[in-house]
Amino acid sequence: MSNFSDALKSGKFVVTGEIGPPKGINVGPMFEEAEHLRGKVVAINVTDIQSSVMRLSSLAVCIRLKQMGLEPILQMVCRDRNRLALQSDLLGAAMWGIENVLCLTGDHVSLGDHKDAKNVFDLDSVTLLQAASTLMSGKDMAGNALDGAPSFFPGAVVSPASDPVEPQIIKMRSKVEAGAKFFQTQAVYDPKQMDEFMKKVASLNVPVLAGIVLLKSPKMAAFMNENVAGVHVPQELIDEMAAVEKKEYKKKAVEIAARLIKQMKDCCNGVHIMPLGWDALVPSVLEKAGV
Amino acid sequence: MIIQKQKSFEEILKSLEGEKKVFIFGCADCATACKTGGQPELDEMKKKLEEKGFEVTGTYVLDTACLVGEVRQRGREHQQQIDAADSILMLACGTATQTVFDTLNKLTHPGCESLFIGSVQRLGKYVEKCSACGECILEETGGICPVTRCPKGLMNGPCGGYRNGKCEVNSDQDCAWLLIYDRLKARGKLANIEKIRPAKSNRTAGKARSFVWERK
């Protein structure tokens, strides 16, 4: 099994990171970001046409990460491919030894840069997890036998800051039933809220990594509150960021992220850090957080 | 009802390029309710076309323009006026346009955009509630269709995109899955959405569909 699944099984506090493929084939900067994460995180998510903005393939980047000796978590969304293509790409990932697969619904195309594209959503996050489980059992979704069954470590996402949160929890339960072995959350900034959420889902007995998005500026925080569903940055954090000079933002971002990790360390199984390009700061965040 | 809007007059004029005489059909059902092809709209279109130098050989509001029998009969009754025209302008939905063209074998121009099967909230405000997918699940989802009212057509609960009860795609639109959740919760039926719904079959929604009664 993957190092990531072994780490979660061991009960250690697990850290994952994230990179986003570029629009184009200038992959140098992205792999430099990944290098900052080497040895600091167990595995690295690779986003799949994030925000519906057309980009280089997630699977292709995952293959390269693997060749570089870094462990990928392949993100797969349901927006762009029907069940034939999704199953086919899952088998393709398995052929390259990519086991960690994060199954998501995906943003609607109207949020991205190809607004006239067709939304597929033939499957949803739950049925995509089912598809991965079915393939592992040696069959495809139509019930036909596979010549060689793949092995996956499937996971999913959940938004603890959604209001109401109960529909998220109902769906989370379905995802576990469909085969999700781990969860990574949308960004959380309220440790108390995360703690309450973890109590509500304790009976599911599944590891949850709290999402950490580095706050880059007070403006970015306000933007997320306005525009990103399921994310709420408390005013105190925005004020804290606003109280320092612009050149100190990076230092503050590290300080806040490290503090959040410390505060949430006891309630969840790890953290998933989404540095949004500030990957170079991840080592100091982790050092400061003491993980 | 088929919700529709008239094409712009410029677009209609472009479709009539090179022609001089036109016959106009409307429909007393959806097109009348949407004010695209009732008698007042036909009269107005006639006037505008005449101002542009066209001869309108006749106008008629069909009872139900998607009925082949109705179209055939009214076509016969207006045979001379239709024969005298270069083409028919159809001020009704796309089904009506094709029914007329196919039945009368006369060049028929679409005068409207068919938008969706909709519910009339009031005159001028229409919303889509059903996609005619052929596999109704309203019984389980509290009478709210996620196939239609969730922009992603999700079958197993909401995505993470709702904010203040609204959809990430359109902040004027309620999140369909939150509506389902609220309605089922109020009725003690949350169990309906706690079970996994398998991936939807797309066969019943495949184009082009037809339906023929089986002989008893």
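Residues numbered from 1 in each chain as written. Chains lettered and ligands numbered in written order. Predicted model: local features only at pLDDT ≥ 70, side-chain atom pairs only at ≥ 80, totals over all residues.

Chemist: Lay out the interface of chain A and chain B in plain terms, naming residues and giving numbers.
Modeler: Between chain A and chain B, the residue contacts involve 25 residues of the former and 23 residues of the latter. Among the secondary structure elements, those contributing two or more residues to the side of chain A that touches chain B are helix H5 (125-136) and helix H6 (166-177) of chain A. The element that contributes the greatest number of residues to the side of chain A that touches chain B is H6(A), accounting for six residues. (Contact = placed C-beta atoms within 7 Å. Helix = DSSP H or I, 4+ residues; strand = E, 2+ residues; numbered from the N terminus.)

Chemist: So what's going on with the environment of B:Tyr181? Residues and values would help.
Modeler: On the secondary structure map, B:Tyr181 appears in helix H8 (residues 176-186). On the basis of neighbour count, B:Tyr181 is assigned to the buried category, with 23 C-beta atoms found within 10 Å. (Buried ≥ 20, exposed ≤ 12 C-beta atoms within 10 Å, placed from the backbone.)

Chemist: Go over H6(A) with me, naming the residues and quoting the values.
Modeler: An ideal rise of 1.5 Å per residue puts 16 Å on twelve residues; H6(A) measures up with 17 Å between its terminal C-alpha atoms. Where H6(A) is buried, its residues meet H5, strand E5 (153-158) and strand E6 (182-187) of chain A together with H8 of chain B. Phi for A:Gly179, located one or two positions after H6(A), is positive at around 120°. (Expected span 1.5 Å × (residues − 1).)

Chemist: Describe unusual backbone geometry, and please don't skip the residues or the numbers.
Modeler: A cis amide bond links A:Asp163 with the next residue in sequence, A:Pro164, at an omega value of 0°. Mapping A:Pro164 onto the fold places it in the loop between E5 and H6. B:Lys207 connects to B:Ala208 through a cis peptide bond whose omega is -15°. Relative to the helices and strands, B:Ala208 resides in the segment after helix H9 (191-194). A positive phi angle, near 60°, is found at A:Ser52, a position not held by glycine. In this structure, A:Ser52 sits in the loop between strand E2 (43-46) and helix H3 (58-67). At B:Asn164, a position not held by glycine, the phi torsion is positive, near 50°. Relative to the helices and strands, B:Asn164 is located in the loop between helix H7 (146-149) and H8.

Chemist: If you had to explain the packing of helix H10 (residues 249-264) of chain A against helix H11 (residues 282-289) of chain A to someone new, which residues and values would you point to?
Modeler: Residues and elements named next belong to chain A. The interhelical angle for the contact between H10 and H11, taken along N-to-C directions, is 45°, at an axis separation of 8 Å. Classified by the interaxial angle, the pair formed by H10 and H11 is oblique. By crossing handedness, the relation of H10 to H11 is classed as right-handed. Here Val254, Glu255, Ala257, Ala258, Ile261 and Lys262 of H10 come into contact with H11, specifically with Ser284, Val285, Lys288 and Ala289. Its residues assigned to classes, the contact of H10 with H11 comprises six nonpolar, one polar and three charged. (Axes fitted to C-alpha atoms, helices over the stretch in contact; angles between N-to-C directions. Parallel < 35°, antiparallel > 145°, perpendicular 65-115°, else oblique. Left-handed = near helix turned anticlockwise from the far one by under 90°. Nonpolar A, V, L, I, M, F, W, Y, C, P; charged D, E, K, R; others polar.)

Chemist: Which residues make up the domain arrangement of chain B, and what values do they have?
Modeler: In terms of domain boundaries, chain B breaks down into domain 1 (2-115) and domain 2 (132-194). Computed over C-alpha atoms, the centres of domain 1 of chain B and domain 2 of chain B are 39 Å apart. (Domains from an automatic or database assignment.)

Chemist: Outline H11(A), supporting the account with residue identities and numerical values.
Modeler: All names here are of chain A. Inspection of H11 places Val282, Val285, Leu286 and Ala289 among the buried residues, and these make up the whole buried set. Taken around the axis of H11, the buried residues stretch over an arc of 95°, which confines them to a single face. On its buried side, H11 packs onto strand E1 (14-19), helix H2 (28-37), H10 and strand E8 (270-274). Two residues or fewer past H11, Gly290 is found with a positive phi of approximately 75°. (Arc of directions from axis to C-beta.)

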